[in-house]
Amino acid sequence: QVQLVESGGGLVQAGGSLRLSCAASGISSSFFTMGWYRQASGKQRELVATISSSGTTSYADSVKGRFTISRDNAKNTVYLQMNSLKPEDTDVYYCNLFFGWRHYWGQGTQVTVSS
């Protein structure tokens, strides 16, 4: 069974940085896409960034130039480096793995950016 374990959320001042990590287990293949989504209470979950098994990345316009997604295929781990954080980046961030036409989700990690 695929499991995703996230870490790295927390409280930071505007302009600061945080790094999120997500380790996947229970999957034998490395040919899957991983990504990060975020969701505020009462709002729809939105895409932040994705990275394919070959390293192709995509970003939401709101985070381009500030966030960087990367992965370590040997560790089945994806990272999200978040720089120049803004109060509007405050959300619960969810790790996502897409494989075999299924989406798998982590438990979510809170990121709070104070002004």
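Our structure's up above, just so we're on the same page.
Predicted model only: the values in this text are computed from it and were never measured. (Residues numbered from 1 in each chain as written. Predicted model: local features only at pLDDT ≥ 70, side-chain atom pairs only at ≥ 80, totals over all residues. Heavy atoms only, no water.)

Asks: Teacher, can you tell me more about the state of the cysteines here?
Replies: Here a disulfide denotes one covalent bond, and it connects the sulfur atoms of two cysteines. For the structure shown, the criterion picks out one disulfide. Each sulfur of the disulfide joining Cys-22 and Cys-95 lies 2.0 Å from the other. On the sign convention where negative means left-handed, the S-S torsion of about -85° between Cys-22 and Cys-95 marks this disulfide as left-handed. Of this pair, Cys-22 sits in strand β3 (residues 18–25) while Cys-95 sits in strand β9 (residues 91–99), and the two are 73 residues apart along the sequence. The buried category is assigned to Cys-22, whose relative accessible area is 0%. Residue classification places Cys-95 among the buried positions, given a relative accessible area of 0%. (Disulfide = S-S within 2.5 Å. Helix = DSSP H or I, 4+ residues; strand = E, 2+ residues; numbered from the N terminus. Buried < 20%, exposed > 50% of the residue type's maximum accessible area, 1.4 Å probe, protein only.)

Asks: Looking at this structure, I do not really get the environment of Thr-90. What am I missing?
Replies: Note on placement: Thr-90 falls in the loop between β8 (77–82) and β9. In this structure the C-alpha to C-alpha distance between Thr-90 and Val-111, which are 21 residues apart in sequence, comes to 5.4 Å. When residues no more than four places from it in sequence are discounted, the contact partners of Thr-90 are Gln-110, Val-111, Thr-112 and Val-113. A distance of 2.9 Å separates a polar atom in the side chain of Thr-90 from the backbone oxygen of Pro-87. Only 2.9 Å separates the side chain of Thr-90 from the backbone nitrogen of Val-113, close enough to count as a polar contact. (Contact = heavy atoms within 4.5 Å. Polar contact = N/O pair within 3.5 Å; in protein donor to acceptor, adjacent residues only side chain to side chain.)

Asks: Would you take a moment to explain the nonpolar core for this structure?
Replies: The tendency in soluble globular proteins is for nonpolar side chains to be buried side by side. Core analysis: the biggest nonpolar cluster contains 28 residues, and Leu-4, Met-34, Trp-36, Leu-80, Met-82, Tyr-93 and Leu-97 have the highest contact counts within it. Elements represented by at least two residues in this core include exactly β3, β4 (33–39), β5 (46–51), β7 (67–72), β8, β9 and β11 (109–114). Take this core: its biggest share by element is four residues, from β3. Setting aside chain neighbours within four positions, we find Met-82 in contact with Gly-16, Ser-17, Leu-18, Leu-20, Arg-66, Phe-67, Tyr-93 and Val-111. (Core = buried A, V, L, I, M, F, W, Y, C linked by side-chain atoms within 4.5 Å.)

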